[in-house]
Amino acid sequence: MAKKTYDLLFKLLLIGDSGVGKTCVLFRFSDDAFNTTFISTIGIDFKIKTVELQGKKIKLQIWDTAGQERFHTITTSYYRGAMGIMLVYDITNGKSFENISKWLRNIDEHANEDVERMLLGNKCDMDDKRVVPKGKGEQIAREHGIRFFETSAKANINIEKAFLTLAEDILRKTPVKEPNSENVDISSGGGVTGWKSKCC
Amino acid sequence: MDQSVAIQETLAEGEYCVIAVQGVLCEGDSRQSRLLGLVRYRLEHGSQEHALFLYTHRRMAITGDDVSLDQIVPVSRDFTLEEVSPDGELYILGSDVTIQLDTAELSLVFQLPFGSQTRMFLHEVARACPGFDPTTRDPEFLWLSRYRCAEPELELPTPRGCNSAPGTWPGYATIGGGGSNFDGLRPNGKGLPVDQSSRGQDKPESLQPRQNKSKSEITGMVRSSTITVSDKAHILSMQKFGLRDTIVKSHLVQKEEDYTYIQNFRFFVGTYNVNGQSPKECLRPWLSDGVQAPDVYCVGFQELDLSKEAFFFHDTPKEEEWFKAVSEGLHPDAKYAKVKLIRLVGIMLLLYVKQEHAAYVSEVEAETVGTGIMGRMGNKGGVAIRFQFHNTSICVVNSHLAAHIEEYERRNQDYKDICSRMQFCQLDPSRPPLTISKHDVILWLGDLNYRIEELDVEKVKKLIEEKDFQTLYAYDQLKIQVAAKTVFEGFTEGELTFQPTYKYDTGSDDWDTSEKCRAPAWCDRILWKGKNITQLSYQSHMALKTSDHKPVSSVFNIGVRVVNDELYRKTLEEIVRSLDKMENANIPSVSLSKREFCFQNVKYMQLKVESFTIHNGQVPCHFEFINKPDEESYCKQWLNANPSRGFLLPDSDIEIELELFVNKTTATKLNSGEDKIEDILVLHLDRGKDYFLSVSGNYLPSCFGSPIHTLCYMREPILDLPLETISELTLMPIRTGDDGSQLESPMEIPKELWMMVDYLYRNAIQQEDLFQQPGLRSEFEHVRDCLDTGMIDNLSASNHSVAEALLLFLESLPEPVICYSAYHNCLECSGNYTASKQVISTLPTFYRNVFHYLMAFLQELLKNSAKNHLDENILASIFGSLLLRNPAGHQKLDMTEKKKAQEFIHQFLCNPL
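Conventions adopted
- Residues numbered from 1 in each chain as written.
- Chains lettered and ligands numbered in written order.
- Predicted model: local features only at pLDDT ≥ 70, side-chain atom pairs only at ≥ 80, totals over all residues.
- Heavy atoms only, no water.
- UniProt positions renumbered as here; feature names shortened; annotations may be inferred.
- Helix = DSSP H or I, 4+ residues; strand = E, 2+ residues; numbered from the N terminus.
- Buried < 20%, exposed > 50% of the residue type's maximum accessible area, 1.4 Å probe, protein only.
- Contact = heavy atoms within 4.5 Å.
- Areas by Shrake-Rupley, 256 points an atom, 1.4 Å probe, with all protein chains shown as cover.
- Salt bridge = Lys/Arg side-chain N within 4 Å of Asp/Glu carboxyl O.
- Axes fitted to C-alpha atoms, helices over the stretch in contact; angles between N-to-C directions.
- Parallel < 35°, antiparallel > 145°, perpendicular 65-115°, else oblique.
- Nonpolar A, V, L, I, M, F, W, Y, C, P; charged D, E, K, R; others polar.
- pLDDT = per-residue confidence, 0-100.
- Pairing = 2+ DSSP bridges.
- Expected span 1.5 Å × (residues − 1).
- Core = buried A, V, L, I, M, F, W, Y, C linked by side-chain atoms within 4.5 Å.
- Domains from an automatic or database assignment.
- Polar contact = N/O pair within 3.5 Å; in protein donor to acceptor, adjacent residues only side chain to side chain.
- Left-handed = near helix turned anticlockwise from the far one by under 90°.

As recorded by an unreviewed UniProt entry, chain B carries the name Type II inositol 1,4,5-trisphosphate 5-phosphatase and is attributed to Macaca mulatta. As its UniProt record puts it under Function (unreviewed entry), chain B is described as follows: "Hydrolyzes phosphatidylinositol 4,5-bisphosphate (PtIns(4,5)P2) and the signaling molecule phosphatidylinositol 1,4,5-trisphosphate (PtIns(1,4,5)P3), and thereby modulates cellular signaling events." The Sequence similarities (unreviewed entry) field of the UniProt record for chain B holds the comment "Belongs to the inositol 1,4,5-trisphosphate 5-phosphatase type II family."

With UniProt as reference, chain A is termed Ras-related protein Rab-10, source organism Homo sapiens. In UniProt, chain A has this text filed under Catalytic activity: "GTP + H2O = GDP + phosphate + H(+)". In its Cofactor section, the UniProt record describing chain A reads: "Mg(2+)".

(A) Structural detail: the overall build of chain A. From N to C terminus, chain A includes six helices and seven strands. Listed N to C, the secondary structure of chain A is β-α-β-β-α-β-α-α-β-α-β-α-β in terms of helices and strands. In chain A, which comprises 200 residues, the proportion classed as buried is 52%. In chain A, once contacts between residues fewer than 6 apart in sequence are set aside, the share between residues at least 24 apart is 74%. A total of about 9000 Å² of accessible surface is found on chain A, and carbon and sulfur atoms cover 49% of it.

(B) Seen up close, the pattern of salt bridges. Residue and element names in this part refer to chain A. A full pass over the atoms with the stated rule returns 41 salt bridges over all chains. For Arg130, the salt bridge is made with Glu150, and the minimal N-O distance between the two is 2.7 Å. Note that Arg130 is positioned in the loop between β5 (116–122) and α5 (134–144) and Glu150 in strand β6 (residues 147–150), a separation of 20 residues in sequence. Taking the shortest distance from any N to any O, the salt bridge between Asp169 and Arg172 comes out at 2.8 Å. Of the two residues, Asp169 and Arg172 are both situated in helix α6 (residues 159–173); the distance of three residues between them amounts to about one turn of the helix. Using a relative accessible area of 7% as the deciding quantity, one classes Asp169 as buried. Exposure remark for Arg172: the relative accessible area of 55% places this residue in the exposed category.

(C) Representation of the environment of Leu330 of chain B. All names here are of chain B. Turning to its location among the elements, Leu330 is positioned in the loop between α9 (318–329) and β11 (336–344). Residue class for Leu330 comes out buried when judged on its relative accessible area of 0%. Taking the C-alpha atoms as reference points, Leu330 and Asp289, separated by 41 residues in sequence, lie 9.4 Å from one another.

(D) Main features of the packing of helix α18 (residues 751–763) of chain B against helix α23 (residues 845–863) of chain B. Residue and element names in this part refer to chain B. Taken N-terminus to C-terminus, the directions of α18 and α23 make an angle of 10 degrees; their axes are 11 Å apart at the nearest point. When the axes of α18 and α23 are compared, the pair comes out roughly parallel. Across from Leu753, Trp754, Val757, Asp758, Leu760 and Tyr761 in α18, the residues of α23 making contact are Val850, Tyr853, Leu854, Phe857 and Glu860. When the residues that make up the contact of α18 with α23 are grouped by side-chain class, the tally is nine nonpolar, no polar and two charged.

(E) Up close: the confidence of the model for chain B. Residue and element names in this part refer to chain B. Per-residue confidence for chain B gives a mean pLDDT of 84; residues scoring 70 or more make up 85%. Below pLDDT 50 for its whole length, residues 150–241 participates in 157 contacts with residues either more than four positions away or in separate chains. The ipTM for the predicted assembly is 0.85, set against a pTM of 0.62.

(F) How the structure looks around the sheet that holds strand β18 (residues 441–447) of chain B. Residues and elements named next belong to chain B. The strand order across the open sheet formed by six strands is β13-β14-β15-β18-β20-β19, and the pairing between neighbours is mixed. Since the sheet does not close on itself, it has two edges, and those belong to β13 (361–370) and β19 (492–493), each with one partner. As defined by bridge partners, β18 adjoins strand β20 (residues 524–530) across seven bridges and the pair is classed as antiparallel. Bridge pairing in β20 places Leu443 opposite Trp528. Helix-sheet contacts for helix α10 (residues 408–421) involve β13, β14 (381–389), β15 (392–400) and β18, and the interaxial angle to β13 is about 135 degrees.

(G) Summary view of the sheet that holds strand β23 (residues 590–592) of chain B. Residues and elements named next belong to chain B. Read from one edge of the open sheet, four strands run β23-β25-β29-β27, paired in antiparallel fashion. Taken across any chain shown, the strands that pair with only one partner, and hence form the sheet edges, are β23 and β27 (639–642). When the angles between neighbouring strand axes are averaged without regard to direction, this sheet yields 25 degrees. Across eight bridges, strand β25 (residues 608–616) lies against strand β29 (residues 653–660) in antiparallel orientation.

(H) Representation of helix α2 (residues 116–128) of chain B in the model. Residues and elements named next belong to chain B. For α2, built from 13 residues, the straight-helix expectation of 18 Å at 1.5 Å per residue is met to within 8% by its first-to-last C-alpha distance of 18 Å. Extensive coverage of α2 is indicated by the burial of ten of its 13 residues. Where α2 is concerned, the buried positions are Ser116, Thr118, Arg119, Met120, Phe121, Leu122, His123, Glu124, Val125 and Ala128.

(I) How the structure looks around the pairing of β18 of chain B. Residues and elements named next belong to chain B. For β18, a buried count of seven out of seven residues is recorded, marking the element as mostly surrounded by other parts of the structure. Judged from the seven bridges that link them, β15 and β18 form a sheet pairing that is parallel. Looking at the pairing, Val396 lines up with Leu443 of β18.

(J) Region of interest: the nonpolar core. Residues and elements named next belong to chain B. In this structure, Phe771, Phe851 and Phe904 are the most contacted members of the largest nonpolar core, which totals 105 residues. Looking at this core element by element, the count peaks at ten residues for α23. Taken domain by domain, the makeup of this core includes at least three residues from each of domain 3 (590–699) and domain 4 (751–910). With residues up to four places along the chain from it excluded, the contact list for Phe851 reads Val817, Ile818, Ile840, Leu883, Phe904, Ile905 and Phe908. Of all hydrophobic cores here, the second largest spans 49 residues; its members include Leu344, Ile347, Val353 and Val562.

(K) Focus on the UniProt feature "binding site: Mg(2+)" in chain A. Residues and elements named next belong to chain A. Here, the residues flagged by UniProt with the feature "binding site: Mg(2+)" are Thr23, Thr41 and Asp64. Across 42 residues in sequence, these annotated residues keep their C-alpha atoms within 8.0 Å of one another, forming a single compact spot. Turning to its location among the elements, Thr23 is positioned in helix α1 (residues 22–31). Once you skip the residues sitting within four places of it in the chain, Thr23 turns out to touch Thr41 and Asp64. By the secondary structure assignment, Thr41 is in the loop between α1 and β2 (43–53). If near-sequence neighbours (up to four positions away) are discounted, Thr41 is found in contact with Thr23, Asp64, Thr65, Ala66 and Gly67. Among the polar contacts listed, one links the side chain of Thr41 to the side chain of Thr23, at a separation of 2.7 Å.

(L) View of the packing of α18 of chain B against helix α20 (residues 799–812) of chain B. All names here are of chain B. Look at α18 against α20: their axes get within 10 Å of each other, and the N-to-C directions meet at 150 degrees. Relative to α20, α18 is oriented roughly antiparallel. The interaxial crossing formed by α18 with α20 has left-handed handedness. Where α18 approaches α20, its residues Leu753, Met756, Val757, Tyr759, Leu760 and Asn763 are matched on the opposing element by Asn799, Val802, Ala803, Ala805, Leu806 and Phe809. Its residues placed into classes, the contact of α18 with α20 shows ten nonpolar, two polar and no charged.

(M) Main features of the side chain of Ser812 of chain B. Tracing the chain through its elements places Ser812 of chain B in helix α20. The residues contacting Ser812 of chain B, other than those within four sequence positions of it, are Tyr604, Lys664, Phe704 and Gly705 of chain B.

(N) Expanded view of the environment of Val602 of chain B. All names here are of chain B. Mapped onto the secondary structure, Val602 falls in strand β24 (residues 596–602). A relative accessible area of 0% places Val602 in the buried class. Remark: the alpha-carbon pair of Val602 and Gly697, spanning 95 residues in sequence, is separated by 7.6 Å.

Written out as structure tokens, the structure reads:
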């Protein structure tokens, strides 16, 4: 019988410039809440959330990193072992978008080769202050062959979708490396034994 | 970070690191860090084996390069991992967990950090331990053969026929043996297992004794392999998956009403003692006439087959015959699916549901209990089917209890035996088996064989004729026994409105006319227990004449808990969310009173301390400053955190002091700008977050730590110079001669040296115990400031403090007065003054100048030895080790070298320069 409540554990990492809303994205996903006060993440934080995808219970362990430049050399050491990386920029902050290629290089240098990447243009609720057109985000994502979403942690746009899509992409290429034959889910019914002959 | 990732990188295909934990291996007084990885290997036939891999490692293993395999301990049958508490010590919540690992060959003690990672690790290891089921194969650990390095000769007994020492694992550093049979593991020179066929032959003989041994040891082993939980709080902090699963389930049970509703289903329950006959007539009058199509059919038979064959070989054609007859007799308005058929000799129970309900029937289990001959045989007893219908658990029992009027106590006993011995397996083998009583609904039918007592046959027949069943019922043994609470406690039976169903002449409705002339009795009964059950009918069916019994039926409306899928999903989601929330709340988290530390104007040998407070949240945790990648310590050399690791109870505080102290080792690079007062510390919480602490500030360059030649080029006080100039001059290489540099013409010796020597010459020439009394720390700081600012006129300090400053100055020189390159030459000619002078003359100009200057000063001091009590030996001893320093490092004080250095200086003190 099921010994674990989940079948798989995925480690995800949020990276991007300081102030683009990485912590808010995570907070929205994990707690379905939003906090307007900006507290810069000085370190590495993480939260978990259990989701169900294709009948598999998956525990997402999501690491939130400090975005400030002075911590970059340290934060890159946390890339190792991450199965998915969400690279976040702020659509109202051109600089944070310009730095995308630098972040992508960082991933190439420090993360596992097969890490699943995703680009998020956050704060898409603030269209009046937009400086990065959606097309530019789509373009750079296309160039690097990664998925792209515009999100808003504040207005709860695409947050859940982004995480689930990333998890699905990881699931898709996760070989059944650890087949859990004992993880048979029996909570849903339908196990009639001797179910063969029907009569009348 | 999860260190199993690092281990995984070192493993071969098919091997999987389930979990890793960092611990301390304790051997005697030695304490060594080890990474313990539980590695699983999946065998071809689907089973799996485990081994503990022990690694030495760098502090925080991130990649496979960080770990190296030290030892492998196969998780064999005699492997135990037990939590032990140190002798006589009270268990303290949050303290390290001491565990003892034992196999037949070795015993190791580890300390693992307190916390869920350790709990999870122990849990997983416990799960990995092979059980004691003798039917499963002993683990063989063939896959581990890969790890035996190709050591040339493996000293082992000959492969076969010889009971080799189990668990000898050649080639490993140390290998803890599992007590498995390793005969098949003999290396054939390449470290590969010998071919499988020969192995297969070996196995049975060698396996047998082991199993017997295991069996006899079971009780002891089970006890010792169980991880004792020392404290309840431990359980709470455990995040083991099984626990979480259990919580989800219990929450679902608690909240059942939120996502289920009661829906009535029609159950048909029938019982028929067929007296060994085959079906000769249609069963519809019993099963389907005059009722709506039931949702569920529970049909029981007794005395299906009275033949010896059925009794001894348990096989009878009657099963199929009656099954067919029942199937054909079911209500024609609906389609039914057979869920289960169970039979014990002549006692058979059939369960059908309407086809559309089949998807909601689950966890079907059937069992039998014989209570017949010798209390065990199947001529009497019961069979039962239990199942889950939607969210309600239902158990249907068909029993044939002991016969004969006087045997009512036997019948009571049979009932009790059936109740206690009827046990259904659960899908989760770790849970105890289910008994009949653990069901929401119990339907009990059968030939219970209770008779009518105290009335003679004629009286009974008369009452029946008058249809005075109520009077008759008063003499019914079952009624009497239930009233006396000796049987069927808690069960209900409907009113008997039909005449007794036993005993008739077969083929008729006439009472038994045989010799025995049995009194009529209500042998065939249906009872129930549970909530939301309404009996709609309870009757016998006189139309059926095949047997000496008449069949009985009852139809019930039973309220079953049906799941509303949408609400169920919502409830489950809520539970999962709340568990996630709990788990998130269980991640250690602290708050820091300060995260940025600025050390302004740091001076040489001036201790600066900044403190901050770690306030813990609600989860007990370990904290530690950890190394950044590619660094050997958690902070720069001039910094220290005190304490740098520790344990925090919930809601507690600890004050951490960051101590900054620049000494001779770190000063030069701070002067040159190669190093800065800048650092980031990583405060790590075990299985929790990391916090970054920034240290910044500026260092005030000082003559202390500056090279002699650099100081000679500084005509201005060092603090009056721009930082770039200081950096440039500090990085300037030592010149061997005056090479006409573009720089301002240098001084012959550093002015700071002159200032101190001149001060001493003027004030301390007659000072008693000069260089031997310690100075004052505060006065040293004053001297340092005067030298670095050039305010020499302000210098007012005790002679001893200035003398000490001079010694510290010489000690802080990155290149000693007698340059490292000349060190060995000096020692070699320490007995030869001419040669010694020759070596001195090869020193770079400024260094030679300084040496002569100091010697001249020391000779001056010696002229006053009557007053200052100094002699050549004292001074040679003090200055020998300062002026001559071993280039290989200052730590090793070789006495002969020290003596030679003294001799070398001594010559210059007693001879004219």
